[in-house]
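Analysis of the macromolecular model
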Amino acid sequence: MSRPRKIALVGNPNAGKSALFNALTGARQKIANYPGVTVERKSGRLVLPTGEPVELTDLPGAYGLDPTSPDEEVTSKVIRGQFPGEAEPDVLVIVLDASNLEQHLVFAQELLALGKPSVIALNMVDLAERDGLVLDPAVLEEELGVRVVSTVAVRRRGLTELGEAVASATLRAPGPSLTEIGAVERRVAAHAMAGAAILSETRQRRMHARLDALLLNPWLGPLVLFALLFVIFQAVFAWATPFADALEAGVGALHDAVRQTLPDNFLRDLLTEGIISGVGAVVVFLPQIVILFAFILAMEASGYMARAAFLMDRMMASVGLSGRSFIPLLSSFACAIPGIMATRSITDPKDRLTTILIAPMMTCSARLPVYAVIIAAFIPNETVGWGIGLQGLVLFALYVAGVLGAMLVALILRRSITKGAASGFIMELPKYQLPRLGDLALGLWQRAWIFLRRAGTIIFTVTIVLWIMLSFPRAVPGQSQVDASFAGKIANGLAVVVEPIGFNRDMALALIPAMAAREVAVSSLATTYAVDATDEDREAAELGDQLKGHWTLPMALAFLAWFVFAPQCMSTIAVTRRETNGWKWPAFMLAYLFGLAYVAAGATYWLAVWAGL
Amino acid sequence: MTLDQQPIDRKVRIVSVDWSRLVPEEARRLQALGVDAGAQVSVSQRGVFGGCDPIAIRIGRMIVAVRRAHAQAIEVADAETLFA
């Protein structure tokens, strides 16, 4: 039995390949990296209408076989069967945006010239129709000599026909008109073919133009973007509350149930005070993370993200970067790891390095648990007028502090360490599209799963280790358990270093395990105070109340300022090492970010003390 | 005249592109997007807060964002007079 045939989706960026891939494979997809390069490899299983199972791969979008970016290089090599360890695709499904034929047919001709069995998916015909464009696939079939199937990936239209066409696609002799011709001839041919295939055109592209007139307006556009970002951050705090409260109640109920069921021994304490308190303290932030990702995914799927990059280009240019850096940086608000990986679309190496180095300063979702706990405990839940909450405002200020810090660092880096020619900015602005709920749900599920898996592995392990280090050696009567423990002794050493910036021993203790992941700071604070709590106040051991009892407001603010900058995430360091091929840049990143965190926390503490807060 | 000087939505045709003013990768990317002699283009949006950087240009059915420096390398002529 031979291996299943391999089908590759290939086409220009923004041809709707990913939507088509999702529609064809559903949730049966595997996302990994191509070996040696950090380009995402998406593959999945699919059963053709003939009953034949095939492997479907979604190749990175490209404008031609002559690569200008790492993504395009992968596409080019895989198609030609030159990528080590990657089987050459048996059938190409060339995806074209029906309303952008003139452009997409250029690459399509180049691909057809290879002579491989091919099928063309004329995708997003509904958007073309809405634009008043009526196309005749038969004309294209005639001109190109392969099956052309009209599809609407997001509405699942044309998928069966596409499957049938793939099943019957055969090797073709490359047409004489398609071989040995250059880019200019292809462009001329594309123009002619697109013209012939368009039956009627009523020039109704008004909706996109009107949206752009508003959203890219030199004055209104930035205001709309800023307002949207503000709404996102308010929503993250306000909308998530009922869900977070429900989760918290669930964790509390589980904690109590286990305490009452098990006999009073070491194992019970490990389970309740260690694992359930620690992991539970992080899991309750799932709703906030889901809401943040929902906005980011919707911005990407709707086509607004590229507009945001356009709007931000001027500002990014002022610190020596381009609008292209905006997309990785915005992704970094969810998590710096996909953000740093997304810098691969930046062609200029120095631009890319600068973006990688500042990406950890974007407030990632792992900081959210830390911010949320401290803000909820120390910032009063009141409004400052116009329905704007003070808590949301403080959260917004923390995000702004990270952004301003990043801009400042970029400015300095681009004039010193990563000095070079000003980078350019060339980017296609895709058509606006209503995001499909199914795709958003799938994306959200994948993100939520990654977060829960972290909670179940890294955070789980670190919590257990911390709990053991906090519980041994046992305290003698009259001595606090934390003071007596191993962890307490280590923290006492670190506390000397962080004392000048207002941190106490418990805060120092939280910083050590938080090197693994920032949100562990919350679970380790929860574990510390749970271990240290005497039996009578254990009942009311809400973390917020515990913090209020042990910290002052300037200390809390200093702790927040620390987390704006501190590079406390092993995964980010690891991905930086991989993306920059060595330890030099991750080491540099660690040093400068810790330096910034120390100065920022110290300044915040002493200013707050001076202001009498 | 060059593309960056065009008023919004005026249709012009590219006469020539001074590729030597551009970084090779950027030149290739622009070519891949269809920026080359003969193509019809127009400026659809200009940069934020009254600035003139970046510029969104319409080429075929695409909107492409470029920097002013790129647009300055693109020599254009009125669409009707040249190839009408």
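Residues numbered from 1 in each chain as written. Chains lettered and ligands numbered in written order. Predicted model: local features only at pLDDT ≥ 70, side-chain atom pairs only at ≥ 80, totals over all residues. Heavy atoms only, no water.

**Looking at the packing of aromatic side chains**
Residues and elements named next belong to chain A. Tallying each qualifying case throughout the model produces 14 aromatic pairs over all chains. Seen from their ring centres, F226 and F396 are 5.8 Å apart, and the 75° between their planes marks the pair as edge-to-face. Residue F226 is located in helix α9 (residues 220–238), and its partner F396 is located in helix α18 (residues 390–415); the two are separated by 170 residues in the primary sequence. The buried category is assigned to F396, whose relative accessible area is 12%. Relative to Y592, the ring of F588 has its centre 5.5 Å away and its plane inclined at 35°; by these criteria the two rings are tilted. Here the residue F588 and the residue Y592 both occupy positions in helix α28 (residues 584–610), the gap between them amounting to 4 residues, near one helical turn. Judged by its relative accessible area of 26%, F588 falls in the partly exposed class. Following the ring pairs from residue to residue traces out a cluster consisting of F378, F503, W551, F559, W562, F563 and F594. (Phe/Tyr/Trp six-rings, centres within 6.5 Å; stacked < 30°, edge-to-face > 60°. Helix = DSSP H or I, 4+ residues; strand = E, 2+ residues; numbered from the N terminus. Buried < 20%, exposed > 50% of the residue type's maximum accessible area, 1.4 Å probe, protein only.)

**So, the interface of chain A and chain B**
Contacts between the two partners involve 38 residues from chain A, matched on the other side by 28 residues from chain B. Taken over both partners, the interface formed by chain A and chain B buries close to 3,100 Å², and the fraction arising from carbon and sulfur atoms is 57%. Our count for the chain A to chain B interface comes out at 2 salt bridges. The partner of E72 of chain A in a salt bridge is R29 of chain B, and the shortest N-O contact between them spans 3.4 Å. Between chain A and chain B we count 6 residue pairs in polar contact (both at pLDDT 80 or more) in total. Looking at the side of chain A that touches chain B, the elements with two or more residues in it are β9 (198–201), α8 (206–215), α13 (304–318) and β10 (427–429) of chain A. Residue contributions to the side of chain A that touches chain B peak at 5 residues, all from α13 of chain A. Within the side of chain A that touches chain B, the residues separate by chemical class into 18 nonpolar, 9 polar and 11 charged. Of the pairings in the sheet, the one linking β10 of chain A to strand β4 (residues 62–66) of chain B comprises 3 bridges and is antiparallel in character. The residue of β4 of chain B that forms the bridge with E428 of chain A is V64 of chain B. (Contact = heavy atoms within 4.5 Å. Buried area = accessible area lost by both parts, 1.4 Å probe. Salt bridge = Lys/Arg side-chain N within 4 Å of Asp/Glu carboxyl O. Polar contact = N/O pair within 3.5 Å; in protein donor to acceptor, adjacent residues only side chain to side chain. Nonpolar A, V, L, I, M, F, W, Y, C, P; charged D, E, K, R; others polar. Pairing = 2+ DSSP bridges.)

**Here we look at the environment of I358 of chain A**
All names here are of chain A. Among the structural elements, I358 can be located in helix α16 (residues 349–358). What makes I358 buried here is its relative accessible area of 0%. C-alpha of I358 to C-alpha of G402: the two residues are 44 residues apart in sequence and 9.4 Å apart in space. Discounting residues that sit within four places of it in the chain, I358 has contacts with L321, L329, A406, V409, A410 and Y592.

**A word on unusual backbone geometry**
Residue and element names in this part refer to chain A. In the Ramachandran plot, M124 falls in the positive-phi region, its phi being about 60° despite a non-glycine side chain. In this structure, M124 sits in the loop between β6 (118–123) and α4 (125–130). Phi is positive for R156, which is not a glycine, with a value near 60°. The topology assignment puts R156 in the loop between β8 (147–150) and α6 (159–168). According to the relative accessible area criterion, R156 is partly exposed, its value standing at 48%.

**Description of the packing of helix α27 (residues 570–580) of chain A against α28 of chain A**
To characterise two packed helices, one gives the angle between the axes of the helices and the distance between these axes. Residue and element names in this part refer to chain A. Across the interface, α27 lies against α28 with an axial gap of 7 Å and an inter-helix angle of 140°. Taken together, the axis directions place α27 and α28 in an arrangement best described as oblique. For α27 against α28, the interelement crossing comes out right-handed. For the pair formed by α27 and α28, the contact residues are I573, T576, R577 and T580 on the first element and W585, P586, M589 and L590 on the second. In terms of residue class, the contact of α27 with α28 is made up of 5 nonpolar, 2 polar and 1 charged. (Axes fitted to C-alpha atoms, helices over the stretch in contact; angles between N-to-C directions. Parallel < 35°, antiparallel > 145°, perpendicular 65-115°, else oblique. Left-handed = near helix turned anticlockwise from the far one by under 90°.)

**With respect to a negative patch on the surface**
On the surface, D245, E248, E542 and D545 of chain A cluster together to form a negatively charged patch. When you line up the elements, E248 of chain A lands in helix α10 (residues 241–261). (Patch = residues over 30% accessible without salt bridge, like charges linked within 9 Å, V, L, I, M, F, W, Y side chains within 5 Å. Areas by Shrake-Rupley, 256 points an atom, 1.4 Å probe, with all protein chains shown as cover. Lys, Arg positive; Asp, Glu negative; His and termini not counted. Charge placed at Lys NZ, Arg CZ, Asp CG, Glu CD.)

**What about the confidence of the model for chain B?**
All names here are of chain B. The predicted model of chain B has a mean per-residue pLDDT of 83, with 92% of residues at 70 or higher. The element-level mean pLDDT for chain B is lowest in helix α3 (residues 79–83), coming to 57, with strand β3 (residues 55–59) highest at 91. Interface scoring of the predicted complex returns ipTM 0.92; its pTM is 0.72. (pLDDT = per-residue confidence, 0-100.)

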